[in-house]
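Examining the three-dimensional arrangement
Listed below, chain by chain, are the residues.
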Amino acid sequence: MIYLRLFYEFFKTGLFAVGGGLATLPFLSQIADETGWYTHSQLADMIAVSESSPGPIGVNMATYVGFTCAGIPGAVIATLGLIAPSIIIILMIAAFLERFKESKYVSSAFYGLRPASTGLIAAAGLSVAVETLMRLEVFSASKNLLSLFDWKCIVLAAILLILTRWCKPTKNLHPILFILASAVVGIVFAGV
């Protein structure tokens, strides 16, 4: 039964997450709430690992969730569930592409999908920012406004922004160096 549920949940995600891997994040958050397969904190960790590893983020995360829930068969089934809608839609589009290639309705439909995709990605970005930069549980317990923010993460994010955008010597470094440096800083400051 877990295999069917994995396929179903990730098929829905693959079908409706228009705009790429980051657009899957609101759906993955909903899966966490509905199934309990992982927490929102674990989702943030999955995002970090998926972003820093090769391959599409949505596929990486589907594979990871499937593996943690049901081993290698679960990883394969969740991944297939995520990519199946894209394959089906591409095959359907390819079959009808010649006929509708110049259609103003098709062009308008794709134009209309852009704001939806932008909204999904913005929601994902906001969700990641809240999860990493805010400590809602601590704030709800203490009601102290200063405890709402994870100041360590905010300072580190600001430093990364400065190094990647405005500091000339580091501005053009390869992104993998920043990913590795962030991993080292995360490991060093994890216990602090």
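Residues numbered from 1 in each chain as written. Predicted model: local features only at pLDDT ≥ 70, side-chain atom pairs only at ≥ 80, totals over all residues. Heavy atoms only, no water.

The pLDDT averaged across the chain works out to 84; a share of 96% of its residues lies at or above 70. Here helix 3 (residues 40-52) stands out as the least confident element of the chain, with mean pLDDT 81; helix 1 (residues 2-16) is the most confident, with 91. (pLDDT = per-residue confidence, 0-100. Helix = DSSP H or I, 4+ residues; strand = E, 2+ residues; numbered from the N terminus.)

Take Thr79: it is sitting in helix 4 (residues 57-100). A distance of 2.5 Å separates a polar atom in the side chain of Thr79 from a polar atom in the side chain of Thr63. Once you skip the residues sitting within four places of it in the chain, Thr79 turns out to touch Val59, Ala62 and Thr63. (Polar contact = N/O pair within 3.5 Å; in protein donor to acceptor, adjacent residues only side chain to side chain. Contact = heavy atoms within 4.5 Å.)

A cluster of nonpolar residues, Leu15, Phe16, Val18, Ile89, Ile93, Phe110 and Leu113, forms a patch on the protein surface that exposes about 570 Å² of accessible area. Taken together, the elements giving at least two residues each to the nonpolar patch come down to helix 1, helix 4 and helix 5 (104-133). Looking at where Ile93 falls in the secondary structure, it is placed in helix 4. Since its relative accessible area comes to 38%, Ile93 is described here as partly exposed. (Patch = residues over 30% accessible without salt bridge, like charges linked within 9 Å, V, L, I, M, F, W, Y side chains within 5 Å. Areas by Shrake-Rupley, 256 points an atom, 1.4 Å probe, with all protein chains shown as cover. Salt bridge = Lys/Arg side-chain N within 4 Å of Asp/Glu carboxyl O. Buried < 20%, exposed > 50% of the residue type's maximum accessible area, 1.4 Å probe, protein only.)

This next bit is on the nonpolar core. Counting residues in each nonpolar core, the largest one holds 19 residues, and the members touching the most others are Phe10, Leu28, Tyr38 and Met61. The set of elements that each furnish at least two residues to this core consists of helix 1, helix 2 (25-35), helix 3 and helix 4. The greatest single-element share of this core, amounting to seven residues, is contributed by helix 4. If we ignore the near neighbours within four places in the chain, the residues touching Leu28 are Phe10, Tyr38, Leu43 and Met61. (Core = buried A, V, L, I, M, F, W, Y, C linked by side-chain atoms within 4.5 Å.)

With that out of the way, let us pick up the environment of Lys104. Relative to the assigned elements, Lys104 resides in helix 5. C-alpha of Lys104 to C-alpha of Tyr3: the two residues are 101 residues apart in sequence and 41 Å apart in space.

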